[in-house]
Amino acid sequence: MIHLKNAIKQLPVVYDINTRPKAPHLTVTDPANSRPIAFVETTDSKETEAVIEKAEKAFSSWSAKTAKDRCKVLKKWHDLLLENSDLLAEVITLESGKPIQEAKGEVAYGASYVEWFAEEAKRAYGEMVPAPWQDAEILVMKQAIGVVAAITPWNFPVAMITRKVAPALAAGCSIVVKPAEDTPLSALIMEKLALDAGLPHGTLQIVVADNPAKVGAVLTSHSAVKKLSFTGSTAVGKLLMKQCASTVKKLGLELGGNAPFIVFEDADIDAAVAGAIASKYRNAGQTCVCANRFYIQSTVYDEFVEKLALSVQELKLGHGLKEGTTVGPLINQAALLKVSALVEDAKSKGAGVKSGGQAAKMGGNYFEPTILTDITLDMDIAVEEIFGPIAALNRFETEQDVIKLANDTPYGLASYFYARDVGRIFRVGKALEYGMVGVNTGIISTEVAPFGGIKESGLGREGSHYGLDDFMELKYMALTGLGR
Ligand code: ADP
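**Concerning the overall build of the protein chain**
Summing up its helical and strand segments, the protein chain has 15 helices and 21 strands in all. For the protein chain, whose C-alpha radius of gyration is 23 Å, the value lies close to the compact-globule estimate of 23 Å for 484 residues. Taken over 484 residues, the protein chain has a buried fraction of 54%. Total accessible area computed for the protein chain in this model is approximately 19900 Å², and 54% of it derives from carbon and sulfur atoms. Positive and negative charge centroids in the protein chain, built from 51 and 57 side chains respectively, lie 5 Å apart.

Following this line, the structure appears as structure tokens:
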């Protein structure tokens, strides 16, 4: 807590647990044991309107800067994020529960978006199109969309913010971010570091809300906000989409997933097990790209189950700040209850328990890393996003069967498969109805590739050179009379 204590002194709206503020506030707790770690003053709907107006003013000067000048500020912010990696990682672990090594990885990953978009800022090229008229030219240019609102989740408190803020700022937009109630501290630290990097006041503002629906209603209805970028549950995403309809805001949505993880008989089984561990148990299974449904070809099913169980035994459940921990607690008690209910439902309908299978005896919000076998479609766990350290395994017979099973969901975010036959790799890769396909890997996130889903998993892409376009409008100018 050393780093957090020092940081609190520099953050005007954050208080340590001995100083409860008089103003409206929320309590940030350690997911491991639900103990308070800090208080944060909150913003109400009226104040949110003022924040948006400030962002509108900031937009006109920020968007008028050269791309090179915006790049310089972003690069400085990137450097400061990395220089403060120990602080940010400790805070991520304290407020989200993830192991400190993963938290450090998240800071590096989050910062990589800032570096990437600092560079991309300079490459928002337009086009000159041959005109179909005499004495005319057609110019196509890209312009910053305006004020952006972002609403982000708790599972990657730093990276989910940089993934939206970096392209927005690179494009010339100003942005208001409402972080999740569980994880506002890292967001506030990042805001301070952005100001230290020279970002003008009002260009990036963090709004902490204890009533997300009320503040969300302002962000999605205010006419000055031109785009909403949201990462979170599909249910909330659909609601926000409706709310944005009245002012026809542009939308970027990263919603839920139901990722299949397929192991074919020609796969390298040891590599598949390593990929399964990385994809399933990272962040205690609380990521939207986590493997959710395992399909193992029947000829290699037993081998995969045995090897996976051996690897799961190696996982170390514990507090994220404790040396050696590889799986932390779930985010809160509601999450623990939900995961427990999914496992109980599966067990009652005939699932086998190969490892774990219950809340950990050590108490807190810990759930044992679990392997369930013989999952059937009548079980809730087969259709719901698990968001916990549970591998739900089933067997399949043919390639056609498994493609049908894998695509039989309204979601389309991430998918994974392990195979070595080149023909199969292309066939299956093309047939999977997902925005992202990991082939012989359980980790797919990188700033250089377009992250996003199809079907009910979302709209738009984050990262890559496509990511900047989501924060820009195309304008075309028809110039005529040039020969006269
Ligand atoms: P999760 O189940 O991962 O917490 P949510 O979709 O509930 O996912 O939360 C993601 C983000 O959406 C959080 O910042 C949360 O505060 C916010 N949120 C939840 N409900 C609403 C709402 N009605 N309006 C605006 N934001 C909301």
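Right, picking up where we left off after that structure.
**Some points on the site of the ligand**
In the vicinity of the ligand there are 17 residues, among which Thr152, Trp154, Lys178, Glu181 and Ser233 approach most closely. Contact between the ligand and Pro212: a nitrogen atom at 3.5 Å from a main-chain N or O atom of the residue. Here an oxygen atom of the ligand and a side-chain polar atom of Ser233 are 2.7 Å apart. Compared with its free state, where it exposes 550 Å², the ligand has 77% of that area covered by protein. Here the ligand occupies the largest pocket. Those elements that provide at least two residues to the shell around the ligand are helix H8 (212-221), strand E9 (225-231) and helix H9 (234-245). In terms of residue class, the shell around the ligand is built from ten nonpolar, five polar and two charged.

**Observations concerning unusual backbone geometry**
Glycine aside, residues mostly have negative phi, and peptide bonds are mostly found in the trans state. Backbone geometry places Phe387, a non-glycine residue, at a positive phi of 55°. Inspection of the secondary structure puts Phe387 in the loop between strand E14 (370-373) and strand E15 (390-396).

**Remarks on the packing of helix H3 (residues 67-83) against helix H6 (residues 159-171)**
It is at 9 Å that the axes of H3 and H6 come closest, and there the two elements cross at 155°. When the axis of H3 is compared with that of H6, the two are roughly antiparallel. Relative to H6, H3 is oriented so that their crossing is right-handed. Each of Arg70, Leu74, Trp77 and Leu81 in H3 lies in contact with H6, whose residues at this interface are Thr162, Val165, Ala166, Leu169, Ala170 and Ala171.

**Description of the pairing of strand E11 (residues 259-263)**
On a regular strand, each side chain points to the face opposite its neighbour's, so the side chains alternate between the two faces of the sheet. Of all five residues in E11, five are buried, a share of seventy percent or more. Alternating residues of E11 divide into Ala259, Phe261 and Val263 and Pro260 and Ile262, and every residue in both groups is buried. Here E11 pairs with strand E12 (residues 291-297) via five bridges, running parallel. The residue of E12 that forms the bridge with Pro260 is Arg293. With helix H10 (residues 269-281) bridging E11 and the parallel E12, this β-α-β connection has right-handed handedness.

**Brief notes about the domain arrangement of the protein chain**
Domain parsing of the protein chain yields domain 1 (11-255 + 458-475) and domain 2 (259-446). Each of domain 1 and domain 2 was reduced to a C-alpha centroid, and the two centroids are 30 Å apart. Opposite the 24 residues of domain 1 that make contact, domain 2 presents 25 residues. In this assembly, domain 1 packs against domain 2 so that about 1900 Å² is buried in total across both faces, 58% of it on carbon and sulfur atoms. When the buried surface of domain 1 facing domain 2 is broken down by residue, Ala32, Pro99 and Trp154 rank first, second and third, together holding 25% of it. Our enumeration of links across domain 1 and domain 2 arrives at zero salt bridges. Inspection of the domain 1/domain 2 interface yields seven residue pairs in polar contact (both at pLDDT 80 or more). Broken down by secondary-structure element, the contributors of at least two residues to the side of domain 1 that touches domain 2 are helix H4 (85-96) and helix H5 (100-120). If you tally residues by element for the side of domain 1 that touches domain 2, the top one is H4, at five residues. Counted by class, the side of domain 1 that touches domain 2 contains ten nonpolar, six polar and eight charged residues.

The rules behind these values
- Residues numbered from 1 in each chain as written.
- Predicted model: local features only at pLDDT ≥ 70, side-chain atom pairs only at ≥ 80, totals over all residues.
- Heavy atoms only, no water.
- Helix = DSSP H or I, 4+ residues; strand = E, 2+ residues; numbered from the N terminus.
- Rg over C-alpha atoms; globule rule 2.2 N^0.38 Å.
- Buried < 20%, exposed > 50% of the residue type's maximum accessible area, 1.4 Å probe, protein only.
- Areas by Shrake-Rupley, 256 points an atom, 1.4 Å probe, with all protein chains shown as cover.
- Lys, Arg positive; Asp, Glu negative; His and termini not counted.
- Charge placed at Lys NZ, Arg CZ, Asp CG, Glu CD.
- Near = heavy atom within 4 Å.
- Polar contact = N/O pair within 3.5 Å; in protein donor to acceptor, adjacent residues only side chain to side chain.
- 1 Å grid on protein atoms, 1.4 Å probe; cavity = no way out; pocket = protein on both sides within 12 Å on 5 of 7 lines; lining within 4 Å.
- Sits in = over half its atoms within 2 Å of the grid points.
- Nonpolar A, V, L, I, M, F, W, Y, C, P; charged D, E, K, R; others polar.
- Axes fitted to C-alpha atoms, helices over the stretch in contact; angles between N-to-C directions.
- Parallel < 35°, antiparallel > 145°, perpendicular 65-115°, else oblique.
- Left-handed = near helix turned anticlockwise from the far one by under 90°.
- Contact = heavy atoms within 4.5 Å.
- Pairing = 2+ DSSP bridges.
- Right-handed = clockwise from strand over helix to strand, strands pointing away.
- Domains from an automatic or database assignment.
- Buried area = accessible area lost by both parts, 1.4 Å probe.
- Salt bridge = Lys/Arg side-chain N within 4 Å of Asp/Glu carboxyl O.

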